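Residue strings, one per chain:
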Amino acid sequence: MTRRLAEVAKKVGVSEATVSRVLNGKPGVSEATREAVLTALDVLGYERPTQLRGDRARLVGLVLPELQNPIFPAFAEVVGGALAQQGFTSLLCTRTVGGVSEADYVDLLLQQQVSGVVFAGGFYSQADAPHGHYELIQERKLPTVLVNAAVDHLGFPQVSSDDHVAAEMAIGHLRTLGHRRIGMVLGPRDHIPSRRKLDAFLASDEADPKLVEHTMFSLEGGHAAATRLVAAGVTGIVCASDILALGVIRAVRRAGLDVPGDVSVIGYDDSAMMNCTDPPLTTVRQPIDAMGRAAVEMLMALIERAAVAADELLFEPELVVRASTARARG
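Residues numbered from 1 in each chain as written. Predicted model: local features only at pLDDT ≥ 70, side-chain atom pairs only at ≥ 80, totals over all residues. Heavy atoms only, no water.

An unreviewed UniProt entry lists the protein under the name DNA-binding LacI/PurR family transcriptional regulator, from Kribbella sandramycini.

Here you go:
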């Protein structure tokens, strides 16, 4: 108990006596200090005293699929900063292969009595993935916001970049440069954002469904998909992420071809350092600053029990033209 008092006091910057008063429900402590002590208990992994467990902690779970893709750390930074401005602390939960699952994190966050959850890139975007833990969140009435496209039946508010518009921008850019044989590298077939990009591609002029590859979101996945597209004679490739685009560029070069001389490549996200790749990557930028702030605003409204419709707020992406695209060879 003494060790716990000391750790919490150090975390908050108050005396052990103040921590003791909070834990014992005694008066003489400001509401801000009380909330800070309870949040420190949650962050340090200590259970709240029984009489204090009715209050939700000023913690918000931020559930991400990975941190290797630079778009997710960037998003975590935006959301964490916006939450801090509202007096909340984010708990970062990252899925690991063969380790802690998204459902495990939901159980943990419910145990910690968090005030809400923001999901980015979760199983909600995959039609064939398990969704039972989202139903549990609905049952517990835990404020939750999803970032980017989800399956239809979950009933949470969403903040999304417009995938259909993003694909139209990329395809239109390649068409303007004279490319006619254009391929796409997308995520898994059940991935909702990839389905939306595919719909835009198939609705475009001269689209060939045979020039669409589905793969995992990884450098290796992009490489394997591009190897098949290059063999099919494409001159332009639109990718569903920057990481996939980097794998595509590697495959084009392994085939003895040049980017953008022989094959133009477009990514999606505009992750950190994409202007430093060789060549600098043309990509479609997700407005993650605006999306992250909007997600937090929606979550705060839910926490304050305001009426928030379970709608999808669509944000306009932006084409960022760099050096991985060029005119098609005549």
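(A) Broad picture of the pattern of salt bridges. Applying the stated rule across the entire model yields 14 salt bridges. A single network of salt bridges, built from pairs that share partners, joins Asp270, Arg285, Glu318 and Arg322. (Salt bridge = Lys/Arg side-chain N within 4 Å of Asp/Glu carboxyl O.)

(B) Local environment of the sheet that holds strand E6 (residues 182-186). On the basis of which strands lie adjacent, the open sheet formed by six strands has the order E7-E6-E8-E9-E10-E12 and mixed pairing. In the strand order of this sheet, the two ends are held by strand E7 (212-214) and strand E12 (318-320), each with one partner. Across the sheet, the mean angle from the axis of one strand to that of its neighbour is 20 degrees, orientation sign disregarded. Of the pairings in the sheet, the one linking E6 to E7 comprises three bridges and is parallel in character. Along E7, the bridge assignment pairs Val185 with Glu213. (Pairing = 2+ DSSP bridges. Helix = DSSP H or I, 4+ residues; strand = E, 2+ residues; numbered from the N terminus. Axes fitted to C-alpha atoms, helices over the stretch in contact; angles between N-to-C directions.)

(C) The environment of Gly116, seen in detail. Here Gly116 is to be found in strand E3 (residues 116-120). The spacing of Gly116 and Gly28 is 88 residues in sequence and 29 Å in space, taken between C-alpha atoms.

(D) Quick peek at the nonpolar core. Grouped together as the largest cluster of nonpolar side chains are 50 residues, with contacts concentrated most on Phe75, Leu83, Phe119, Tyr124, Val147 and Val159. At the level of secondary structure, the elements contributing two or more residues to this core comprise strand E1 (59-64), helix H4 (71-85), helix H5 (102-111), E3, helix H6 (132-140), strand E4 (144-147) and helix H11 (288-303). Tallying contributions element by element places H11 first for this core, with nine residues. Those residues in contact with Tyr124, other than ones at most four positions away along the chain, are Phe119, His131, Tyr134, Leu146, Val147, Asn148, Ala149, Ala150, Val151 and Leu154. Membership of the second largest hydrophobic core comes to 37 residues, among which are Ala167, Leu186, Ala226 and Val238. (Core = buried A, V, L, I, M, F, W, Y, C linked by side-chain atoms within 4.5 Å. Buried < 20%, exposed > 50% of the residue type's maximum accessible area, 1.4 Å probe, protein only. Contact = heavy atoms within 4.5 Å.)

(E) Looking closely at the environment of Ser15. Within the secondary structure, Ser15 is located in the loop between helix H1 (2-12) and helix H2 (16-23). The exposure class of Ser15 is partly exposed, given its relative accessible area of 37%. Spatially, the C-alpha atom of Ser15 lies 66 Å from that of Arg175, the residues being 160 residues apart in sequence.

(F) Quick peek at the sheet that holds E4. Taken together, the six strands give an open sheet; going across it, the order is E2-E1-E3-E4-E5-E11, and neighbouring strands pair in parallel fashion. The two strands at the open ends of the sheet, each matched to only one other strand, are strand E2 (89-94) and strand E11 (312-315). Strand-to-strand, the axes of this sheet are offset by a mean angle of 20 degrees, without reference to chain direction. Of the strands in this sheet, E1, E2, E3 and E4 are in contact with H4, which crosses E1 at around 170 degrees. Against the sheet, H5 makes contact with E1, E2 and E3, and its axis sits at roughly 150 degrees relative to E2, the strand it touches most.

(G) Seen up close, the domain arrangement of the protein. Considered domain by domain, the protein is made up of domain 1 (1-52), domain 2 (59-161 + 287-316) and domain 3 (163-286). Each of domain 1 and domain 3 was reduced to a C-alpha centroid, and the two centroids are 52 Å apart. (Domains from an automatic or database assignment.)

(H) Focus on H1. Within H1, burial applies to Arg4, Leu5, Val8 and Ala9. Down the axis of H1, the sector holding all buried residues measures 125 degrees, keeping them to one side. Of the exposed residues in H1, the ones pointing more than 90 degrees away from its buried face are Thr2, Arg3, Lys10 and Lys11. Buried-residue contacts for H1 involve H2 and helix H3 (31-44). Where H1 terminates, the next one or two residues include Gly13, which has phi positive at roughly 85 degrees. (Arc of directions from axis to C-beta.)

(I) Region of interest: H6. Restricting attention to buried positions, one finds in H6 the residues His133, Tyr134 and Ile137. Looking straight down H6, one finds its buried side chains confined to an arc of 105 degrees; they lie on one side. Buried residues in H6 make contact with H5, E3 and E4. Lys141 lies just past H6 and shows a positive phi near 55 degrees.

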